[in-house]
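Single-letter residue listing:
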Amino acid sequence: MTRSVRWSVLALSALLVACGSDAPPPQFGADPAIPEPQRRLVPEMNIAKPAPWHELRPTVPQGYTISAIATGLLIPRQTLLLPNGDILVAEGRGGGAPALLPKDVIAGFLISRGSTKVESGNRLTLLRDADGDGVYELNTVFVDGLNAPFGMALIEGSLYVANQDELVRFAYSEGQTRAAGAPESVVKLPSQINHHWTKAMAASLDGRYLYVGIGSNSNITERGMAAEVDRAMVWRIDVASGAYKPYATGLRNPSALAIQPGTGTLWAAVNERDELGPNLTPDYLTSVREGGFYGWPYSYWGQNVDTRVRPQDPEKVASAITPDYALGSHVAPLGLGFSTPAMGAQFADGAFVGQRGSWNREQPVGYNVVFVPFNGGRPAGDPVNFVYGFLGEDGKARGRPVGVTVDPRGALIVADDLANTVWRVTPVR
Amino acid sequence: MSVAVERMYLRPLHALHAAALAGTIPLFGGALLADIAYAYTYQVQWTNFASWLNAFGLVYVGLVLVWALVALLRSERDRVRPMMYALVLLALCVAGFFNALVHARDAWGAMPLGLVLSAVCAVLACVATWIGLAGRGELQR
């Protein structure tokens, strides 16, 4: 008896171990390595345990300095720069899709250990540095009672907020520190199940349209295709009428959107599918073409077919656009902001990407803000670590960067949804 | 007289033991049927059903295995049958555990290996139930 038990345990552990290492190959840029999918019996999980910052600070390049401009927030996700220099912080936690499989019960518990325990803020906080000394002395609730707000945009006298279920509008006048009243509904956003609940948002240069990112309702259709109606796409919403249309589809979780200054092109940072191994599938940064299809669920990184999806759709696969720039598998980009010359010569032309960090590969990746250099309006070159050290040498996570916003006066605002802090990185003058 | 000594009865199983043992057939068999339905329809809910049926099948088999091991340790004569019984249950446990891991893969990722493992489990559940229940309470030679 005991012998047979021992053998089966041995066989089991051999099967689990015989799956190789996951040293991350460079997987950046326009032509990343796309290895064969790995199907392990037990998916890799390595959730960095949270730890406080104490006197530590995230690391920034030489010639830059970082400070915490707000702490004790209630899960800050995204920030918005207002014309007078005030900063709005969207705080909250959405989702809550029910466990579908026995594994969801286990995975949900493990993932929650790597996130903040704070209650969802469901509010916007306003930060103000009136005298320009870099200390945001005013920290006040602009509006509360929202529903997991994420994307924000200001178009003339209106502040738009994308809750997890609805796009709403507030009247805004410069200098305001508190919303004048209840929000007005512009349009309901898809919110059933809300597996990927964040609603990223960006406004077109002419102010006519808002683009809203709507993530898929599953990793790879395991909740059925009916749950994916109006999901995994970017909507373009007419601000005046609330009319919307799918602007681009097949984007699994377009969790950060930004308009490129100058060209007005929409760019998205997209979280790709899991459970194909530690080096699949690359999350990416891409310009978004109107009417474009980017693969999900049928294929990834262009036309690599995902066999987990049935029925398959070869026609859709053939039409799938290869994204512009791979950021690496599982880095989890949740923030995107285009830079400005005020950020310093080396970081003048390009985009900052906040990467919340992996939980499903053995060697953690992400947990940083990278700068993707651009040239002639296109990504050119490897990403540069711009804010890092969120994951300590001890393997503990002190913070997890999400939303990034560039202050045109020369500062990068980083929301940290684990330390519940907003960081500000500035060039030393 | 000596003939009478060689005769013995197999004691009936405890009612809970018997119920849990027989319950493995609809659970693992149900998982197999659900996997077959998924293969034919691509309706993803069927593979979810299979996952949960297999998971509860494992709970039942775990309980029965404990019972079987205790019976094996306490058996004095005729250890072949209790040994077979425990081995089949152990095999079912291992196959069911692998099946749970395979069914944890999203959507069609669980297939076709999941269906094969569900079939193995369904057969093992039938065999275990047969060994466990057959001839109980009848006079044995």
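Starting afresh in each chain, residues are numbered from 1 along the sequence in its written order. Both sets of labels track the order of writing: A upward for chains, 1 upward for ligands. Thresholds applied to this predicted model are a pLDDT of at least 70 for local features of residues and 80 or more for the giving and counting of side-chain atom pairs; totals over whole chains, interfaces and linings are not thresholded and use all residues.

Considerations on the overall build of chain A
For the record, the criterion: In this description a helix means any DSSP run of H or I spanning at least four residues, a strand means any run of E spanning at least two, and both kinds are numbered starting from the N terminus. As defined in this context, the radius of gyration uses C-alpha atoms, and a globule is described by 2.2 Å times the residue total to the power 0.38. With C-beta atoms placed from the backbone, a residue is labelled by how many other C-beta atoms lie within 10 Å of its own: buried for 20 or more, exposed for 12 or fewer, partly exposed between the two. Residue pairs qualify as contacts under a 7 Å threshold applied to their C-beta atoms, which are placed from the backbone.
Within chain A, the regular secondary structure consists of three helices and 27 strands. Whereas a compact globule of 429 residues would reach a radius of gyration of roughly 22 Å, chain A reaches 21 Å, a difference of no more than 12%. If you line up chain A on its principal axes, its C-alpha atoms span 75 × 50 × 45 Å. Here chain A holds 429 residues, and the buried ones make up 47% of them. Considering only residue pairs separated by 6 or more positions, chain A has 60% of its internal contacts joining residues 24 or more positions apart.

Topic: the sheet that holds strand β3 (residues 87-91) of chain A
All names here are of chain A. Formally: Any two strands with at least two DSSP bridges between them are considered paired. The axes are straight lines fitted to the C-alpha atoms, using for helices just the contacting stretch, and the angles between their N-to-C directions are given from 0 to 180°.
Overall, antiparallel pairing links the four strands, which are arranged β2-β3-β4-β5 in an open sheet. Of all strands in the sheet, those with a lone pairing partner are β2 (76-81) and β5 (138-143), marking the two edges. Shown here is a sheet whose adjacent strand axes are inclined to one another by a mean of 30°, direction ignored. Both β2 and β3 contribute to a ladder of five bridges, which runs antiparallel. Across the sheet, the residue bridging to Pro-76 is Glu-91, located in β3.

Focus on the pairing of strand β6 (residues 151-155) of chain A
Residues and elements named next belong to chain A. Bridge analysis of β6 against strand β7 (residues 158-162) gives five bridges, and the strand direction is antiparallel. Counted as the bridge partner of Met-152 is Val-161 from β7. Taking the residues between adjacent antiparallel strands as the criterion, β6 and β7 are bridged by two residues, where Glu-156 takes a positive phi near 45°.

Points about the packing of helix α4 (residues 80-103) of chain B against helix α5 (residues 113-133) of chain B
All names here are of chain B. Our working rule: Put simply, angles under 35 degrees are roughly parallel, angles over 145 are roughly antiparallel, angles from 65 to 115 are roughly perpendicular, and the rest are oblique. If you view the pair so one helix is near and one far, a crossing is left-handed when the near helix is turned anticlockwise from the far one by less than a right angle, and right-handed when it is turned clockwise. Under the grouping applied here, Gly and all other residues not named as nonpolar or charged are polar, the nonpolar ones being Ala, Val, Leu, Ile, Met, Phe, Trp, Tyr, Cys and Pro and the charged ones Asp, Glu, Lys and Arg.
For the pair α4 and α5, interaxial distance at closest approach is 9 Å and the crossing angle is 160°. In terms of their interaxial angle, α4 and α5 are classed as roughly antiparallel. Considering the relative orientation of α4 and α5, their crossing is left-handed. Taken together, the residues of the contact of α4 with α5 sort by class into 18 nonpolar, six polar and one charged.

Focus on the pairing of strand β14 (residues 253-259) of chain A
Across a regular strand the side chains alternate sides, sitting on one face of the sheet and then on the other. Residues and elements named next belong to chain A. Of all seven residues that make up β14, six are buried, and the element is covered over most of its length. Sheet analysis places β14 next to strand β15 (residues 266-271), joined by six bridges and oriented antiparallel. Bridging from a neighbouring strand, Pro-254 pairs with Val-270 of β15.

Some remarks on the interface of chain B and chain A
With 18 residues of chain B at the contact, the number on the chain A side is 21 residues. Residue assignment for the side of chain B that touches chain A shows that the elements contributing at least two residues are α3 (45-74) and α4 of chain B. Split into classes, the residues belonging to the side of chain B that touches chain A amount to twelve nonpolar, four polar and two charged.

Re the sheet that holds strand β12 (residues 233-238) of chain A
The strands making up a sheet associate through backbone hydrogen bonding, with each pair oriented either parallel or antiparallel. Residue and element names in this part refer to chain A. Strands sit in the order β10-β11-β12-β13 across an open sheet of four strands; the sheet is antiparallel. Every other strand in the sheet has two partners, leaving β10 (199-203) and β13 (244-249) as the edge strands with one partner each. On average, each strand axis in the sheet is tilted by 25° relative to the strand beside it, whichever way the strands run. Bridge count for β10 against strand β11 (residues 209-214) is five bridges, and the pairing is antiparallel. Of the residues in β11, the one forming a bridge with Ala-200 is Gly-213.

Quick notes on the environment of Gln38(A)
Residue and element names in this part refer to chain A. Inspection of the secondary structure puts Gln-38 in the loop between α1 (2-17) and β1 (64-70). According to the C-beta neighbour criterion, Gln-38 is partly exposed, with 16 such atoms within 10 Å. For the pair Gln-38 and Pro-278, spaced 240 residues apart in the sequence, the C-alpha separation amounts to 8.1 Å.

Comments concerning the nonpolar core
This is how the line gets drawn: Each nonpolar core comprises buried Ala, Val, Leu, Ile, Met, Phe, Trp, Tyr and Cys residues, the members being joined through C-beta atoms within 7 Å.
Within the largest apolar cluster, 98 residues are counted, with the highest numbers of intra-cluster contacts made by Met201(A), Leu210(A), Val212(A), Val234(A) and Leu257(A). Setting aside anything within four residues of it in sequence, one finds Val212(A) in contact with Gly151(A), Ala162(A), Leu167(A), Leu189(A), Lys199(A), Met201(A), Val234(A), Trp235(A) and Ile237(A). The next biggest cluster of nonpolar side chains, apart from the first, holds 44 residues, and it includes Tyr298(A), Leu21(B), Trp108(B) and Ala110(B).

Overview of the environment of Tyr60(B)
Of note, Tyr60(B) is situated in helix α3. Along the primary structure Tyr60(B) and Leu21(B) are separated by 39 residues, whereas in three dimensions their C-alpha atoms are 7.1 Å apart.

What about the packing of α3(B) against α5(B)?
All names here are of chain B. At a minimum axis distance of 12 Å, the contact between α3 and α5 shows a crossing angle of 35°. α5 is crossed by α3, and the crossing has left-handed handedness. Residues Ala-50, Asn-54 and Gly-57 of α3 lie in contact with α5, whose contacting residues are Gly-114, Ser-118 and Cys-121. Of the residues that constitute the contact of α3 with α5, the class distribution is two nonpolar, four polar and no charged.

Observations regarding the confidence of the model for chain B
All names here are of chain B. Our working rule: Values of pLDDT, ranging from 0 to 100, describe the predictor's confidence in every residue of the model.
Considering every residue of chain B, the mean pLDDT works out to 90; 90% of them sit at 70 or more. Mean pLDDT values for the elements of chain B range from 46 in helix α1 (residues 2-6) up to 97 in α5. Scored below 50 in pLDDT, residues 1-6 shows one contact in the model against residues more than four places distant or in partner chains. Per the prediction output, this complex has pTM 0.91; the corresponding ipTM is 0.85.

A look at the environment of Ala125(B)
Locating Ala125(B) in the fold gives a position in helix α5. Spatially, the C-alpha atom of Ala125(B) lies 17 Å from that of Gly135(B), the residues being ten residues apart in sequence.

Some thoughts on unusual backbone geometry
Residue and element names in this part refer to chain A. Between Leu-280 and the following residue, Thr-281, the backbone shows a cis peptide bond with an omega angle of -5°. Its place among the elements puts Thr-281 in the loop between β15 and β16 (282-287). Cis geometry marks the peptide bond from Arg-310 to Pro-311, where omega comes out at -10°. Within the secondary structure layout, Pro-311 lies in the loop between β18 (304-305) and α3 (314-319). Unusually for a residue other than glycine, Tyr-367 sits at a positive phi of about 55°. We classify Tyr-367 as buried; it has 25 C-beta atoms within 10 Å.

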